Amino acid sequence: HLDRYEPMPKHAMYIDISEVAEKKWEAMMSYASQCLYHGQNKKYVLEYIKSLNRSWGAHIRKDYAEKLIPRTPILTHFPELKRK
């Protein structure tokens, strides 16, 4: 989901994609479905995706990241891993 204006859940995770970001963007632009809502504006779609990845990367001090939001906090399933 690419909406950056939603409130960020406390259990969001960021995965460093800096080493594979270029491949990700190339692959995304290969599929018309990734640009469906943006018509012929592939250049702008790509810049938008890059800016999101850059913004999410800043959360973990990396160049680019992907944001993952599990349905429930991961540690909910592993109470022994919670900090005391």
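Our subject is the structure listed above.
Residues numbered from 1 in each chain as written. Predicted model: local features only at pLDDT ≥ 70, side-chain atom pairs only at ≥ 80, totals over all residues. Heavy atoms only, no water.

Asker: With reference to specific residues and values, describe the overall build of the protein.
Answerer: Scanning the protein from terminus to terminus reveals two helices and two strands. Its helices and strands taken in sequence order, the protein reads β-α-α-β from the N to the C terminus. Looking at the protein as a whole, 24% of its 84 residues are labelled buried. Considering only residue pairs separated by 6 or more positions, the protein has 66% of its internal contacts joining residues 24 or more positions apart. Accessible surface for the protein amounts to roughly 7,000 Å². Of this, 55% is attributable to carbon and sulfur atoms. (Helix = DSSP H or I, 4+ residues; strand = E, 2+ residues; numbered from the N terminus. Buried < 20%, exposed > 50% of the residue type's maximum accessible area, 1.4 Å probe, protein only. Contact = heavy atoms within 4.5 Å. Areas by Shrake-Rupley, 256 points an atom, 1.4 Å probe, with all protein chains shown as cover.)

Asker: Explain the pairing of strand β2 (residues 65–68) residue by residue, including any values.
Answerer: Alternating positions in β2 separate cleanly, A65 and K67 being buried on one face and E66 and L68 remaining unburied on the opposite face. Across four bridges, the pairing between strand β1 (residues 13–16) and β2 is antiparallel. By the bridge assignment for β2, D16 is matched with A65. (Pairing = 2+ DSSP bridges.)

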